[in-house]
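Inside the fold
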Amino acid sequence: MSQTDGRHVETDRRLAALVGLTVVLASLTTVAALLSFPRVAPGSARDVVTLLTLTLATVGGVVIKTPIRIRSTTHSTTWAEAAILIGLALAPWQWVILSTCVGVTVASATLRLTKIKTAFSVGKNVLVAAAAATTATQLSWHWSSASVGKLVGTLGVIYLVAALLDELLTMPVIALASGTRVVHLFRSNMDLRIAGFAVRFVATACTLLILRVDPRLLLAVPALVLSLHLAYSTRIRTRTEQQAWQRLARATDALNVVDLDRVLTTAVTQAAALFSADEVEIELRRDGRVVRGTADALSYDGTAEQPSDVDGMVIPAALEGHDGTADVGVLRLRFRGPVELSERERYTLRTFTSALCTAVRNAQAYAELARAAEEHAYAATHDALTGLSNRRHLLEEGTEQLGERHAEGVTALVLIDLNHFKEVNDTLGHSAGDQVLTQVADRLRAATRPEDLVARLGGDEFAVLLRGLSAPAVAAHRAEALLAVLHEPLDLDGMRINVEASGGIAVAPASGGMPELLRRADVAMYQAKRAGQRIATYAPTRDTADLGRLTLGGELSRAVADHEFTVNFQPIVDLGTGEATGAEALARWHHPTHGLIDPLRFLEAVERSGLLPAFAEAILDQALLAARSWRDAGFDLPVSVNVSPRSLLDARFPGSVLARLRAHDLPPDRLVLELTETLTLSQLDVVDRVLSRLRDAGVRLALDDFGTGYSSLSLLSRIPVHELKIDRSFVAAMETSAEAAAVIRSTLDLGRSLDLDVVAEGVENEPQRRALWELGCTAGQGHLFARPLPAGALLATLRRGSGGRPGVLAPPLHDAGAVIRLPGRRPGGRSRAAGGSQLPV
């Protein structure tokens, strides 16, 4: 027997005991009335008529009722106590008890009540009659000779005793039968119950007063009683319907959540209370999930294989919209006995199931979006082959670790490169090479502590971020242990091969962050390779690259003053038509001695130097000047410039940007500012204010390198961007990696859902262009269309065009006039958008 069955058996046992006690007490009262009945037996035909009239009045008092359904049990408010009090005024108490017993029995048979309901109804009313008779006797009630005031006062006391006893006997039984708390029942609709008692008391008092004045006026009593009964029943029905609509409003409002578990739990508990059901069950079509419960809590969450514990009547309702579409499942109301829903309840059920259908669909859609975002985030931060973290995740975790002021211990990075791995691929094939990489990953993962982070940076290069070291010297010991586990031979399909590896160690620097730590570990690893050692620790004195960077940093002031920083532009193209739709600004340093210097070598120095505002203004001026010249030539292309995170912390930055736009007479929407920043920075209030002011002014915002771990759904919810840019690494890998294609597809789906433009970076060949188009991406940039060019050279290229069509940089994918299917493209598409840059503004 289940726990639920045990509770039901215990409830039935207690209910039977309570009803049995009532019946026993009523039986004793009836026996007492029968034993003394001969002394007051009817002595005339008039007495017989009076006794029959009392019996019929009792029948009428029970039959005329106001029904109220609580779960599968219907309970009624009757006029039986009114018939009892009138009987006590007209006849001996023995007559009243016997007529009550017979009358209630006949009425119950007429209404076809169950045996237990009949027994309780007879017993309860007999006890109420006995209590009223006892009270009348104690008060020496002589209704025919008493004054009107005394008649009404004494009658009020007797009626109060009868009404209270009726409530005390009825409420516990209803509570047990319906599973409702007694206190809740007493409080529920108390005002209506008191009004009902008052109505029946007034009818009783009026009847007795009429009998004293002229018995012939009794002909008006039925009309009076009927009118009062109808008025009371109407009030009950109005109140019930009002409460039902209020509960429906609260129930549907409670369904407005996006978590499916909460939706189902709320629906079950609310429906059980709303329809007074013994149990509510919801079954979903998609996965066969079944939840059951009562108004208190869920009792089951699983599949339909386990049957319900509630046997009886089931009322099913499909979870579908008002138009009959989108059937997502079924809701079942279970009752232990027969129940017929009213017209109002049926309409309420349809409304509730429609709201539940919408809530379930919304929750499922949100769960699907969250799952796609989670997969997207995982794919963006993990290596598909080994399951290790990738370079981006390593940079994220390392940056967070180095940013903690109170981080315990020393942080170090070990970079490991497999020697002669290319020979394994060339000799045994790429499958064997993948096995080597997987086994190396497994060994490194097993040899590290839980707080350490193992990553595959690409190819045959691995990294281990060591956290919480007691001293810098411990890093070398840990690195030796890691390389030692790789010294053991690997088993490849029965062959045993040895893999050699070189390692570089670097301890976290005081400045420069995680990129600098990674660079130093890389320098150390190549120092080990050049020296023929297995492992080497970073030594600043041998880091020529770092010395060169320091030298460049000292020349920044002169470079800004002498305008050595220039900007090249790479066009952004409509993938379908080949038409240019924007341009990305790329900063370059034309050094008088070192020649053209890549931004990666000087951007960090610019941000640390204090020259960022001047540098940013110089680059922005060149970008806007180029856009103005293209516009004057008939090519209205927006230009995109990357924004440094530090610029977003400057409250004066929006004013500077808008001033430059006015100076070049360009509309704000011709400028796209690209953002690449972590969630932590995006949560700063000053950043929110800066971005909001720019967007409100009409400047477009883009989120660069989307999918690389620096972007997320939560970031999108805070930064009101117009555009997403797919990182070039995913485009490069999409033809060979299902994971990369999945990231691109989910980014495009996200863009469509949020009404954002999406641009793919790094489009290098026609197969990539066509594949992106077929996935639904309408804009891209890359060497397939043009390399970065000076502003004048790009203008000349636009004028020359492709195939004699100015502004077109590539042949269209489809002939003019061809009927094609637009692959998931939003109406309007991306008319004039822009990409991001590799320079800070």
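Just so it is clear, the model here is predicted, and its values are computed rather than measured.

How each quantity is defined
- Residues numbered from 1 in each chain as written.
- Predicted model: local features only at pLDDT ≥ 70, side-chain atom pairs only at ≥ 80, totals over all residues.
- Heavy atoms only, no water.
- Helix = DSSP H or I, 4+ residues; strand = E, 2+ residues; numbered from the N terminus.
- Buried < 20%, exposed > 50% of the residue type's maximum accessible area, 1.4 Å probe, protein only.
- Areas by Shrake-Rupley, 256 points an atom, 1.4 Å probe, with all protein chains shown as cover.
- Expected span 1.5 Å × (residues − 1).
- Arc of directions from axis to C-beta.
- Pairing = 2+ DSSP bridges.
- Axes fitted to C-alpha atoms, helices over the stretch in contact; angles between N-to-C directions.
- Contact = heavy atoms within 4.5 Å.
- Left-handed = near helix turned anticlockwise from the far one by under 90°.
- Salt bridge = Lys/Arg side-chain N within 4 Å of Asp/Glu carboxyl O.
- Phe/Tyr/Trp six-rings, centres within 6.5 Å; stacked < 30°, edge-to-face > 60°.
- Lys NZ or Arg CZ within 6 Å of the ring centre and 35° of its normal.
- pLDDT = per-residue confidence, 0-100.
- Parallel < 35°, antiparallel > 145°, perpendicular 65-115°, else oblique.
- Nonpolar A, V, L, I, M, F, W, Y, C, P; charged D, E, K, R; others polar.
- Patch = residues over 30% accessible without salt bridge, like charges linked within 9 Å, V, L, I, M, F, W, Y side chains within 5 Å.
- Core = buried A, V, L, I, M, F, W, Y, C linked by side-chain atoms within 4.5 Å.

The helix and strand inventory of the chain stands at 28 helices and 23 strands. Across the 841 residues that make up the chain, the buried fraction comes to 49%. Carbon and sulfur atoms provide 56% of the accessible area of the chain, an area that totals close to 39500 Å².

Looking now at helix H15 (residues 472-487). The terminal C-alpha atoms of H15, which comprises 16 residues, lie 24 Å apart, in line with the 22 Å expected from a rise of 1.5 Å per residue. Every buried residue belonging to H15 is among Ala475, Ala479, Leu482, Leu483 and Leu486, and all of these are buried. Viewed end-on, H15 has its buried residues packed into an arc of 90°, placing them on one side of the element. In H15, the exposed positions that point more than 90 degrees away from the buried face belong to Ala473, His477 and His487.

The strand order S9-S10-S8-S13-S14 describes an open sheet built from five strands, whose pairing is mixed. Looking along the sheet, the strands with just one partner apiece sit at the ends: strand S9 (453-458) and strand S14 (535-537). The sheet shows a mean angle of 20° between the axes of neighbouring strands, direction not considered. Across three bridges, strand S13 (residues 500-507) lies against S14 in parallel orientation. Residue pairing in the sheet places Ile505 in a bridge with Thr537 of S14. The sheet contacts of helix H16 (residues 513-531) involve strand S8 (410-419), S9, strand S10 (461-469), S13 and S14, and relative to S13 the element is tilted by about 140°.

Relative to each other, helix H20 (residues 612-632) and helix H21 (residues 653-663) sit at 30°, their axes nearing to 10 Å. As for the relative orientation of H20 and H21, their crossing is right-handed in sense. Counted together, Glu617, Leu620, Asp621 and Leu624 of H20 and Ser656, Val657, Arg660 and Leu661 of H21 form the full contact between these two elements.

Okay, the pattern of salt bridges next. Going through the model one piece at a time under the given rule, you end up with 35 salt bridges. Between Asp383 and Arg456 there is a salt bridge, with its nearest N and O atoms 3.1 Å apart. Here Asp383, found in the loop between helix H11 (343-381) and helix H12 (391-403), pairs with Arg456, found in strand S9; they are 73 residues apart in sequence, far enough to count as distant. The same class applies to Asp383 as to Arg456, namely buried. In the salt-bridge network here, residues are joined through shared partners; they are Glu279, Glu281, Glu283, Arg292, Arg332 and Arg334.

Spatially, the five strands line up as an open sheet ordered S5-S4-S3-S7-S6, and their pairing is antiparallel. Looking at which strands have only one partner, the edges of the open sheet turn out to be strand S5 (298-303) and strand S6 (313-319). Here the average twist between neighbouring strands, direction ignored, is 15°. Bridge analysis of S6 against strand S7 (residues 329-335) gives seven bridges, and the strand direction is antiparallel. The partner of Met313 across the bridge, within S7, is Phe335. Helix H10 (residues 260-274) contacts strand S3 (279-284), strand S4 (289-293), S5 and S7 of the sheet and is inclined by roughly 145° relative to S3. Along the sheet face, H11 touches S3, S6 and S7 and points at about 55° away from the line of S6.

Once that is clear, we can look at helix H26 (residues 738-753). Its 16 residues place the ends of H26 22 Å apart at the C-alpha level, agreeing with the 22 Å of an ideal helix rising 1.5 Å per residue. Trailing H26 by a residue or two, Asp755 shows a phi angle of about 60°, which is positive.

Attention now moves to unusual backbone geometry. You will see that Arg112, though not glycine, has its phi angle at about 55°, which is positive. Turning to its location among the elements, Arg112 is positioned in the loop between helix H4 (93-111) and helix H5 (115-138). What makes Arg112 exposed here is its relative accessible area of 76%.

This part is about the packing of aromatic side chains. Any aromatic ring pair is given by two values, namely how distant the centres are and how the planes are angled relative to each other. For the structure on display, the rule yields four aromatic pairs. Between Phe565 and Trp589, the ring centres sit 5.1 Å apart and the planes meet at 40°, which makes this aromatic pair tilted. One end of the pair, Phe565, is in strand S15 (residues 565-574); the other, Trp589, is in strand S16 (residues 580-591), and 24 residues separate them in sequence. The residues Phe565 and Trp589 share a single accessibility class, namely buried. An aromatic cluster is defined as three or more aromatic residues linked by ring pairs; in this entry it consists of Phe565, Trp589 and Phe615. Note that Arg392 overlies the ring of Phe730, its terminal NZ or CZ placed 5.9 Å from the centroid.

Overall, the predicted model of the chain reaches an average pLDDT of 81, with 83% of residues at or above 70. Taking the mean pLDDT of every element in the chain, the minimum, 41, falls on helix H22 (residues 679-682) and the maximum, 96, on strand S23 (residues 779-780). Taken as a whole, residues 677-683 scores under 50 in pLDDT and shows 16 contacts with residues more than four places along the chain or in a different chain.

Here we come to the environment of Leu331. By the element assignment, Leu331 lies in strand S7. According to the relative accessible area criterion, Leu331 is buried, its value standing at 0%.

As a packed pair, H10 and H11 sit with axes 9 Å apart at the nearest point and diverge in direction by 170°. Our classification of the angle between H10 and H11 gives roughly antiparallel. Contacts between H10 and H11 pair Leu260, Val263, Leu264, Ala267, Gln270, Ala271 and Leu274 from the former with Thr348, Phe352, Leu356, Ala359, Val360, Ala363 and Gln364 from the latter. Per-class residue counts for the contact of H10 with H11 are eleven nonpolar, three polar and no charged.

We now examine the pairing of S4. Within S4, five of the five residues are buried, which leaves it mostly tucked inside the rest of the structure. By the alternation rule, side chains of S4 split into Arg289, Val291 and Gly293 and Val290 and Arg292, which are all buried. The pairing of S3 with S4 spans four bridges and is classified as antiparallel. Pairing of Glu283 across the sheet is with Val290, part of S4. Hairpin connection from S3 to S4: four residues lie between these consecutive antiparallel strands, with Gly288 at a positive phi of about 70°. Note: S4 against S5, five bridges, orientation antiparallel. When the sheet's bridge partners are listed, Val290 is paired in S5 with Gly302.

With six of six residues buried, S3 lies mostly within the body of the structure. Every second residue of S3 is oriented toward a common face, with Glu279, Glu281 and Glu283 on one face and Val280, Ile282 and Leu284 on the other, all of them buried. By the bridge criterion, six bridges tie S3 to S7 in an arrangement that is antiparallel. Note on S7: the bridge partner recorded for Glu281 is Arg332.

All right, on to a nonpolar patch on the surface then. On the surface, a cluster of nonpolar side chains totalling about 380 Å² of accessible area is made up of Leu21, Val24, Leu25 and Leu28. Note on placement: Val24 falls in helix H1 (residues 3-36).

Position of Ala760 relative to the elements: it lies in strand S22 (residues 757-760). Considered as a pair, Ala760 and Leu575 are 185 residues apart in the sequence and their alpha carbons are 9.6 Å apart. When residues no more than four places from it in sequence are discounted, the contact partners of Ala760 are Ile726, Val731, Leu772, Cys777, Ala779, Gly780 and Gln781.

It is worth spelling out the nonpolar core at this point. In terms of nonpolar packing, the biggest core is built from 77 residues, with Phe569, Trp630, Leu671, Val721 and Leu772 touching the most fellow members. With nine residues, the single largest contributor to this core is H20. Ignoring any residue separated from it by four or fewer positions in sequence, one finds Val721 in contact with Leu675, Arg695, Leu701, Ala702, Leu703, Leu716 and Leu756. Listed in part, the 42 residues of the second largest apolar core include Ala130, Leu155, Ile158 and Phe201.

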